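What follows is the residue order along each chain.
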Amino acid sequence: MSAINLSKESLKAIMNNRNTVVSKENKMTNSTIAIDKIETTKLKTSELALKARALFKWLIPPAFGLLMLLAIWTIISQQSPNLPGPIKTWYSAIELFSDPFYDNGPNDKGVGWNILASLQRVGLGFGLAALVGIPMGFIIGRFEFASKMCAPVISLLRPVSPLAWLPIGLLVFKAANPAAIWVIFISAVWPMIINTAVGVSKVPQDYMNVAKVLNLSEWKIVTKILFPYVLPYMMTGVRLSIGVAWLVIVAAEMLTGGVGIGFWVWDEWNNLNVEHIIIAIFVVGIVGLLLEVVLTQIAKKFSYE
């Protein structure tokens, strides 16, 4: 009996012992931590799977398209002996861009100098087009009289080929470089005018009625009402204009000569260096793509939506 009573008392003492309680709490805490770690690991795994899936969707379609382009290019180059294939062009590009800024005189400069010269002309012509086209678009869209007055002029001049303006530029400016800038300006100004005017004309009439009730000045109407609403239309015109400007500069420089990517393409054609012509095509495309991406990011930053 005493032994049994002792065992019961000992058992109660053990159960009431603080160390035993702490041990149970430690076991509970350790199990909770283990469960949390498992759940965290599962969450991280699911997040990695989602990221991998998103990367797959973003990367695979463009990569597949580029592979198709290379395959078609390879097939055509095998059928036409004078057209270099992708591998030969790649080695030529490595050699070309190993020293893109060499300078052996006015008619023998590296591809880097030619790209910078073209970008400078595009920047000047495009900047002038923005300074003229965007305000004119606001005026045409805001005032009906200005819209009716400018509509026949825009309809008449907009379809004219950009290169048709080059002789006029040479005649007026007496130099090739200003003439090329003039061609860029006259080609890039129309998308800015038209898209900005369309955006202004689509501003809801309720906004303008509120402006009349509040007796806002014309400056307040433009900055507080028109500009936020018209910005997406205006940036679309800017993106179209930069594409047109970069497209036109190659053709203009082929005719005017000097330093520039267009002149470089024509010079390489005269030297029958087809690999460099293909490289120039890719350079023009990549630079145009980068310009459009930069403008898209700027439009997102200044978006009022």
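Refer to the structure above for everything that follows.
These numbers were taken from a predicted model, which means no experiment stands behind them.

### Some remarks on the overall build of the protein chain
Alright, step 1. The helix and strand tally for the protein chain stands at 11 helices and zero strands.
Alright, step 2. Moving toward the C terminus, one meets the helices and strands of the protein chain in the order α-α-α-α-α-α-α-α-α-α-α.
Alright, step 3. Of all 305 residues assigned to the protein chain, the portion counted as buried reaches 30%.
Alright, step 4. Once local pairs closer than 6 in sequence are excluded, the contacts in the protein chain between residues at least 24 apart make up 67%.

### Here's the deal with the nonpolar core
Alright, step 1. Counting 50 residues, the largest nonpolar core has Val-122, Phe-138, Leu-226, Trp-246, Ile-261 and Trp-264 as the members making the most contacts within it.
Alright, step 2. Looking at this core, the elements that each hand over two or more residues are helix H3 (86-97), helix H4 (111-142), helix H5 (144-157), helix H7 (176-201), helix H8 (205-213), helix H9 (218-256), helix H10 (261-270) and helix H11 (274-301).
Alright, step 3. Here this core gets 13 residues from one element, more than from any other, and that element is H9.
Alright, step 4. Once residues within four sequence positions are removed from consideration, Leu-226 is found in contact with Phe-138, Arg-142, Val-200, Val-203, Met-208 and Ile-221.

### Quick notes on the packing of aromatic side chains
Alright, step 1. Overall, the coordinates contain six aromatic pairs when judged by the stated rule.
Alright, step 2. Three or more aromatic residues link up through ring pairs in this structure, and these residues are Trp-165, Phe-173, Trp-182 and Phe-185.
Alright, step 3. Geometry around Phe-143 places Arg-142 over its ring, the cationic atom sitting 5.6 Å from the centre.

### Quick word on a nonpolar patch on the surface
Alright, step 1. Side chains of Leu-55, Phe-56, Trp-58, Leu-59 and Ile-60 sit close together on the surface and give an oily, nonpolar patch of about 550 Å² of accessible area.
Alright, step 2. As for its placement among the helices and strands, Phe-56 is situated in helix H2 (residues 18-79).

### Digging into the packing of H9 against H10
Alright, step 1. Where H9 contacts H10, the two axes come as close as 6 Å, and the packing angle between them is 50 degrees. It follows that H9 is oblique to H10 by the angle criterion. Both H9 and H10 take part in a crossing whose hand is right-handed. Note on element contacts: H10 touches H9 through Ile-261, Gly-262, Phe-263, Val-265 and Trp-266, opposite Trp-246, Val-250, Glu-253 and Met-254.
Alright, step 2. A per-class count over the contact of H9 with H10 returns seven nonpolar, one polar and one charged.

### Focus: the pattern of salt bridges
Alright, step 1. Counting across every chain of the model gives six salt bridges.
Alright, step 2. Among the ionic pairs, Lys-88 bridges to Glu-275, the shortest N-O distance being 3.3 Å. Note that Lys-88 is positioned in helix H3 and Glu-275 in helix H11, a separation of 187 residues in sequence.
Alright, step 3. In this structure, Asp-103 engages Lys-109 in a salt bridge whose closest nitrogen and oxygen atoms are separated by 2.9 Å.

### Focus: the side chain of Thr-196
Alright, step 1. Its place among the elements puts Thr-196 in helix H7.
Alright, step 2. Using a relative accessible area of 0% as the deciding quantity, one classes Thr-196 as buried.

### Quick word on the packing of H3 against H11
Alright, step 1. Axis separation between H3 and H11 bottoms out at 9 Å; the angle between their running directions is 75 degrees. In terms of orientation, H3 lies roughly perpendicular with respect to H11. Side by side, H3 and H11 meet where Lys-88, Thr-89, Ser-92, Ala-93, Leu-96 and Phe-97 of the first sit next to Glu-275, His-276, Ile-278, Ile-279 and Val-283 of the second.
Alright, step 2. Tallied by class, residues from the contact of H3 with H11 come to six nonpolar, three polar and two charged.

Procedures and definitions
Within any chain, residue numbers begin from 1 and follow the written order of that chain's sequence. For a predicted model such as this one, the threshold for reporting local features is a pLDDT of at least 70, and the threshold for listing and counting side-chain atom pairs is 80 or more; totals across whole chains, interfaces and linings nevertheless cover every residue. The basis for every side-chain value is the complete set of non-hydrogen atoms in the structure, without hydrogens or water. In DSSP terms, a helix is any run of H or I states spanning at least four residues, a strand is any run of E spanning at least two, and both are numbered starting from the N terminus. Burial here depends on accessible area, computed with a 1.4 Å probe over protein chains only, as a share of the maximum for the residue type. Under 20% is buried, over 50% is exposed, and the range in between is partly exposed. We call two residues in contact whenever any of their non-hydrogen atoms come within 4.5 Å of each other. Among the buried residues, those of types Ala, Val, Leu, Ile, Met, Phe, Trp, Tyr and Cys that are joined through side-chain atoms within 4.5 Å form a nonpolar core. Two rings from Phe, Tyr or Trp (for Trp, the six-membered ring) form a pair when their centres sit within 6.5 Å of each other. Planes less than 30 degrees apart are called stacked, planes more than 60 degrees apart edge-to-face, and all others tilted. When the NZ atom of lysine or the CZ atom of arginine is within 6 Å of a ring's centre and also within 35 degrees of its normal, the charge is said to sit over that ring. Candidate patch residues must exceed 30% relative accessible area and have no salt bridge, after which like charges are joined if within 9 Å and Val, Leu, Ile, Met, Phe, Trp or Tyr side chains if within 5 Å. Using a 1.4 Å probe, accessible areas were evaluated by the Shrake-Rupley method; residue-level cover was limited to the displayed protein chains. Between Lys or Arg on one side and Asp or Glu on the other, a salt bridge is scored when a side-chain nitrogen of the former is within 4 Å of a carboxyl oxygen of the latter. Axis lines are fitted through C-alpha atoms, for helices just across the contact stretch, and the angle between N-to-C directions can take any value from 0 to 180 degrees. The cut-offs work like this: below 35 degrees is roughly parallel, past 145 is roughly antiparallel, 65 to 115 is roughly perpendicular, and the gaps in between are oblique. The sense of a crossing depends on the near helix, which, turned anticlockwise from the far helix by less than a right angle, makes the crossing left-handed and, turned clockwise, makes it right-handed. Residue polarity follows a fixed list, in which Ala, Val, Leu, Ile, Met, Phe, Trp, Tyr, Cys and Pro are nonpolar, Asp, Glu, Lys and Arg are charged, and the others, Gly among them, are polar.

Just geometry here; none of it tells us what the structure is for.
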